[in-house]
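# Survey of secondary and tertiary structure
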Amino acid sequence: VGGGRPAGGVVVAPGAGGGGGWWVGRAARSLGAGRIIGIAGSDEKCQLLVDKLGYDAAINYRTQDLGSRFSELMPNGFDVFFDNVGGTTLDTALLHMNKHARISLCGRISEYINNAEQPYALRNYQYIHKRYATLQAFFIYLLEADFPRAEAAMAAMIAKGHLTWTEDVL
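First, a word on what this report is: a plain description of the structure on this page. No experiment lies behind these values; they were computed from the predicted model shown.

What follows deals with the overall build of the protein. For the protein, the helix and strand inventory stands at seven helices and six strands. Starting at the N terminus and walking to the C terminus, you meet the elements of the protein as β-α-β-α-β-α-β-α-β-α-α-β-α. Buried positions account for 39% of the 170 residues belonging to the protein. For the protein, restricting intrachain contacts to residue pairs at least 6 apart in sequence, the fraction spanning at least 24 positions comes to 59%. Split by element, the accessible area of the protein, about 10,000 Å² in all, is 55% carbon and sulfur.

The next point concerns the environment of Q126. Here Q126 lies in helix 6 (residues 126-130). Classification of Q126 by relative accessible area gives partly exposed; the value is 30%. Expressed as a C-alpha distance, the spacing of Q126 and L94, which sit 32 residues apart in the sequence, is 8.6 Å.

Pairing within the open sheet is parallel, and its six strands lie in the order 3-2-1-4-5-6. The open sheet is flanked by strand 3 (57-60) and strand 6 (134-137), the only strands paired with a single partner. Taken pair by pair, the neighbouring strands of this sheet meet at an average axis angle of 15°, ignoring direction. Of the strand pairs in this sheet, strand 1 (residues 10-14) and strand 4 (residues 78-83) are connected by two bridges, and their pairing is parallel. When the bridges of strand 4 are listed, V11 appears paired with V80. Each of strand 1, strand 2 (35-40) and strand 4 touches helix 1 (residues 22-30); the most contacted strand, strand 2, lies at about 175° to it. Of the strands in this sheet, strand 1, strand 2, strand 3 and strand 4 are in contact with helix 3 (residues 66-73), which crosses strand 3 at around 165°.

Formed by 20 residues in total, the largest nonpolar core has its most connected members in V12, I37, F70, M74, F78, F81 and M97. Membership of the second largest hydrophobic core comes to 17 residues, among which are V24, I36, C46 and L49.

With that out of the way, let us pick up the pattern of salt bridges. Using the criterion set out here, one finds four salt bridges in the structure. D56 is the salt-bridge partner of R29, the closest N and O atoms lying 2.9 Å from each other. Note that R29 is positioned in helix 1 and D56 in the loop between helix 2 (43-51) and strand 3, a separation of 27 residues in sequence. Overall, D56 belongs to the partly exposed group, its relative accessible area being 33%. With a shortest N-O distance of 3.5 Å, R123 and D91 are connected by a salt bridge. One end of the pair, R123, is in the loop between helix 5 (109-113) and helix 6; the other, D91, is in helix 4 (residues 87-93), and 32 residues separate them in sequence.

Rules used throughout
Residues numbered from 1 in each chain as written. Predicted model: local features only at pLDDT ≥ 70, side-chain atom pairs only at ≥ 80, totals over all residues. Heavy atoms only, no water. Helix = DSSP H or I, 4+ residues; strand = E, 2+ residues; numbered from the N terminus. Buried < 20%, exposed > 50% of the residue type's maximum accessible area, 1.4 Å probe, protein only. Contact = heavy atoms within 4.5 Å. Areas by Shrake-Rupley, 256 points an atom, 1.4 Å probe, with all protein chains shown as cover. Pairing = 2+ DSSP bridges. Axes fitted to C-alpha atoms, helices over the stretch in contact; angles between N-to-C directions. Core = buried A, V, L, I, M, F, W, Y, C linked by side-chain atoms within 4.5 Å. Salt bridge = Lys/Arg side-chain N within 4 Å of Asp/Glu carboxyl O.

Listed below in structure tokens is the structure:
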């Protein structure tokens, strides 16, 4: 989806219930995704993803088994995994990739919140090779030169009604 990929792919967004993940579903839909799955940590956040933010389905990682839900919701695997979480969530996802899947590493919140002294060691990394997948890390501030182009693209999505926002007031 995007990046020259044919439309209709499956996009998965862990951390979709947080501020950074909310936009992924809408942006993916605007770019031609066929099915969008979010992962969040409460039933309320999962409901928000489906009812208001354009996700086709959501997985509550606290109460549902990720591997089983991946198999159920994506029996043929996923094409894009926009990872904000890392750890066991990413490790499980590696077992459910389509050939030539793309994984964007945006964050590792599972390690930050657990104050992990040792980084989580992926056990299923060999599937990246077996599925000819691409794993690409990025840090948003290294892309600062692209901000004006990204802002224009997001403004166009908003104007078309493809991108909306939700306020989360604490």
